[in-house]
Amino acid sequence: MARELDGAAISALLRSLPARPLLLGLGEARHFVGELGELRNEIFRHLVEHEGYRSFAIESDCLKGLVVDDHLATGAGDLDDVMARGFSHGFGASPANRELVRWMRAHNEKHDEKLRFFGVDGPLEYWAASPREALTALHGLLDGPLPCTRETLDALLGPDERWSDEATVMDPARSIGRSADAQRLRVIADELVALLDTQLPQLGVRDRERAQLYGRTAVGLLRYHHAMADPGAARISRLSALRDAMMAANLCAVAAHGPALVFAHNLHLQRHRSRLSLGDQHVQMWSAGAITAARLGDRYAYLASAFGAVGGDTPAADCAEGVLATLPWDAALVGGRHLAQVAAGASPRVSRDFAYFPLDPARLDVIDGVVFVRQAVDLGAPG
């Protein structure tokens, strides 16, 4: 299957899958590519209008995403404020993301069945935020007897700056993650999550959903901070794995609102083990997509993205992107197994754009499809 990318092609691909996916992942080979963001918006509009999709998820802070979801539901906040507070990683500055939020809000004003927005990343990069927001919000939603008072929680958390120190990325000794306060907070977080399980029936749907999100996030952040204090050689791989495990837990929660379109980096959505180099660190982990696929089976589907010309960098003819560049369309949708056949024996692409992650020609048969963009010219960056 190789077709010009349009709504009919997306629908045809969905019909070709063994089951209707609860989650359809659309991967990014590179963040901040304007052309891909615009295509993503067209794909999502088609999915909403013709395939019954009602949820959108993105590789952004799961707690900040609540700001966007509230705006879609109620109109709370003006669009500038929502884009500033509702995204992490600089994604609020993306014109495509702004247009998506505007369109989703306009849709909700006209329809009774509302669209939902979810961030699925943790509140972290390679450093991590304080667990204060998640812990205190969960604490506030539960009835007693609670494992500690709010005052005790605040005292154990202390200043947020001691949690969010970016220097911990390179120096595990700077991390608070294995301090006595952090160890006690891990026990408290576990007790709060256990208490939540006993009180689920008394919570409304909205509070139940958010309490579970706060619980996942608090436990995940405290695990992450604990790993940040580890001086071992596999530390960065362990941190990367924990991050993707947090994303996978959020993705499985989104699946309950499926079918949903998920937009995140190829490395996070692919079904196989992800590998990358960070300086002299060789990082490998099971991606969020691989973990999610292990849980959802064929109710998870994944479309990778790939680009021909990236800025001034063009693919060689003997790599997978070079094969795709022979197609006659500016944007195409190609079945993964079909591409694996026609690109058999292709060489890995070597790109001068180090932000671009090429297709792995040995892994094409585990991709449901490839969204190919002939030219990626609009290469934005965080504001």
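Residues numbered from 1 in each chain as written. Predicted model: local features only at pLDDT ≥ 70, side-chain atom pairs only at ≥ 80, totals over all residues. Heavy atoms only, no water.

Engineer: Summarise the overall build of the protein chain; cite the residues concerned and give the values.
Structural biologist: Helix and strand content of the protein chain: 14 helices and ten strands. For the protein chain, the C-alpha radius of gyration of 21 Å lies close to 21 Å, the compact-globule estimate for 383 residues. Counting only C-alpha atoms, the protein chain reaches 65 × 50 × 40 Å along its principal axes. Of all intrachain contacts in the protein chain linking residues separated by at least 6 positions in sequence, the fraction that spans at least 24 positions is 78%. When the accessible surface of the protein chain is summed, it comes to about 16200 Å², and 52% of that surface belongs to carbon and sulfur atoms. Measuring between centres, the 40 positive side-chain charges of the protein chain sit 3 Å from its 49 negative side-chain charges. (Helix = DSSP H or I, 4+ residues; strand = E, 2+ residues; numbered from the N terminus. Rg over C-alpha atoms; globule rule 2.2 N^0.38 Å. Contact = heavy atoms within 4.5 Å. Areas by Shrake-Rupley, 256 points an atom, 1.4 Å probe, with all protein chains shown as cover. Lys, Arg positive; Asp, Glu negative; His and termini not counted. Charge placed at Lys NZ, Arg CZ, Asp CG, Glu CD.)

Engineer: Report on the pairing of strand E2 (residues 23–28), specifying residues and quantitative values.
Structural biologist: Summarising burial for E2: six of the six residues are buried, a large majority. Burial along E2 is two-sided: Leu23, Gly25 and Gly27 facing one way and Leu24, Leu26 and Glu28 facing the other are all buried. As judged from the four bridges shared by E2 and strand E8 (residues 300–310), these two strands associate in the parallel manner. Bridge pairing links Leu26 to Leu303 in E8. (Buried < 20%, exposed > 50% of the residue type's maximum accessible area, 1.4 Å probe, protein only. Pairing = 2+ DSSP bridges.)

Engineer: Could you give an account of the nonpolar core, with specific residues and numbers?
Structural biologist: Of all hydrophobic cores here, the largest spans 77 residues; its most connected members are Phe44, Phe56, Met104, Phe307, Leu324 and Leu359. With sequence-adjacent residues up to four places away left out, Leu359 is seen in contact with Ala304, Ser305, Ala306, Ala320, Glu321, Leu324, Leu339, Leu364, Ile367 and Val370. (Core = buried A, V, L, I, M, F, W, Y, C linked by side-chain atoms within 4.5 Å.)

Engineer: Tell me about the environment of Leu296, and please be specific about residues and values.
Structural biologist: Relative to the assigned elements, Leu296 resides in helix H12 (residues 288–296). Each C-alpha atom of the pair Leu296 and Pro21 lies 8.9 Å from the other, and the pair is 275 residues apart in sequence. If sequence neighbours within four positions are ignored, Leu296 has contacts with Leu23 and Ala255.

Engineer: Go over the domain arrangement of the protein chain with me, naming the residues and quoting the values.
Structural biologist: The domain architecture assigned to the protein chain consists of domain 1 (2–123 + 248–376) and domain 2 (131–234). Taken together, the contact pairs 13 residues of domain 1 with eleven residues of domain 2. On the domain 1 side of the interface with domain 2, the three residues burying the most area are Leu63, Leu66 and Pro123, jointly 50% of the side's total. Taken together, domain 1 and domain 2 are joined by two salt bridges. When the shortest N-O distance is used, the salt bridge between Glu209 and Arg116 registers 2.5 Å. Summed over the shared surface of domain 1 and domain 2, the result is four residue pairs in polar contact (both at pLDDT 80 or more). When residues of the side of domain 1 that touches domain 2 are traced back to their parent elements, those giving at least two are helix H3 (65–74), strand E4 (116–121) and helix H10 (235–255). Residues belonging to the side of domain 1 that touches domain 2 are distributed by class as follows: seven nonpolar, three polar and three charged. (Domains from an automatic or database assignment. Buried area = accessible area lost by both parts, 1.4 Å probe. Salt bridge = Lys/Arg side-chain N within 4 Å of Asp/Glu carboxyl O. Polar contact = N/O pair within 3.5 Å; in protein donor to acceptor, adjacent residues only side chain to side chain. Nonpolar A, V, L, I, M, F, W, Y, C, P; charged D, E, K, R; others polar.)

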